[in-house]
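# Structural characterization, general
If you want the building blocks of each chain, they are given just below.
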Amino acid sequence: QKEVEQNSGPLSVPEGAIASLNCTYSDRGSQSFFWYRQYSGKSPELIMFIYSNGDKEDGRFTAQLNKASQYVSLLIRDSQPSDSATYLCAVNGGPDSSYKLIFGSGTRLLVRP
Amino acid sequence: DAGITQSPRYKITETGRQVTLMCHQTWSHSYMFWYRQDLGHGLRLIYYSAAADITDKGEVPDGYVVSRSKTENFPLTLESATRSQTSVYFCASSDRDLPQHFGDGTRLSIL
């Protein structure tokens, strides 16, 4: 059973701080990694995706991937109250099913004003 | 506008009834997916489709039927609804190896 694990939280950080969200996955064949943000009552919205080891930055967001450790993280710099949401980590199903995603249960982030 | 739309947004029905949830995308994406989202389980894949007339089961397919006669449409049918199928249903689409994009969801309650 392929799995994606996330701490459910809530992760509480003060406004302006760095929020660090973590995710581990079980399938070593996974090649694509995604972070989605989901506000309460809304649909998941893609924030970042990363395919290669290392860091990928987009504005206040940085995705980090370590395939050897099967670990992917999302850093949110200068956190804002509007960043309060659930963050879903998703991993593709490996080379035989690269179009399918396996989702973690999500980490709830709370940014305190 | 291009995008992915789901209908209805909300639906209340009774056990034993047939219910169809609609999904339409304008991107001409090859792949389409149906998920359900429940507290404590995250997003679980029900069915997916790689192209018109090609569908396959996901993680939780029992009690659901899908079809895909046209690339842009991917309806999900609950043939005889049960209370355990009360959930939020999301449709998504993508091209191979590209991120999936989600519709706004259908909140389904079965009484």
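Here, every reference points to the structure presented above.
### Some remarks on the side chain of Ser94 of chain B
Along the chain, Ser94 of chain B turns up in strand β9 (residues 87–94). When near neighbours in sequence (up to four residues on either side) are disregarded, Ser94 of chain B contacts His29, Ser30, Tyr31, Phe33, Pro99 and Gln100 of chain B.

### A short note on the state of the cysteines
Residue and element names in this part refer to chain B. Per the stated rule, a full pass over the model turns up two disulfides over all chains. The disulfide partner of Cys23 is Cys91, and the gap between their sulfur atoms is 1.8 Å. Because the torsion about its S-S bond is -75 degrees, the bridge between Cys23 and Cys91 counts as left-handed. With a gap of 68 residues between them, Cys23 in strand β3 (residues 19–25) and Cys91 in strand β9 connect regions that are remote in the sequence.

### A short note on the sheet that holds strand β1 (residues 4–7) of chain B
Note on sheets: strands pair through backbone hydrogen bonds, and any given pair is parallel or antiparallel. All names here are of chain B. Within the open sheet, the four strands sit side by side as β1-β3-β8-β7. Their pairing is antiparallel. Looking at which strands have only one partner, the edges of the open sheet turn out to be β1 and β7 (64–66). Each strand of the sheet is rotated relative to its neighbour by a mean of 20 degrees, with strand direction disregarded. Pairing of β1 with β3 involves four bridges; the strand directions are antiparallel. For Ser7, the partnering residue across the bridge sits in β3 and is Met22.

### What to know about unusual backbone geometry
Note that the residue after Gly9 of chain A, namely Pro10 of chain A, is joined by a cis bond; omega there is 10 degrees. For Asp78 of chain A, which is not a glycine, the phi torsion comes out positive at approximately 50 degrees. Along the polypeptide, Asp78 of chain A turns up in the loop between β8 (71–76) and β9 (85–92). Here Ser28 of chain B, not a glycine, exhibits a phi torsion of approximately 65 degrees, which is positive. Within the secondary structure, Ser28 of chain B sits in the loop between β3 and β4 (31–38).

Reading the values: rules and limits
Residues numbered from 1 in each chain as written. Chains lettered and ligands numbered in written order. Predicted model: local features only at pLDDT ≥ 70, side-chain atom pairs only at ≥ 80, totals over all residues. Heavy atoms only, no water. Helix = DSSP H or I, 4+ residues; strand = E, 2+ residues; numbered from the N terminus. Contact = heavy atoms within 4.5 Å. Disulfide = S-S within 2.5 Å. Pairing = 2+ DSSP bridges. Axes fitted to C-alpha atoms, helices over the stretch in contact; angles between N-to-C directions.

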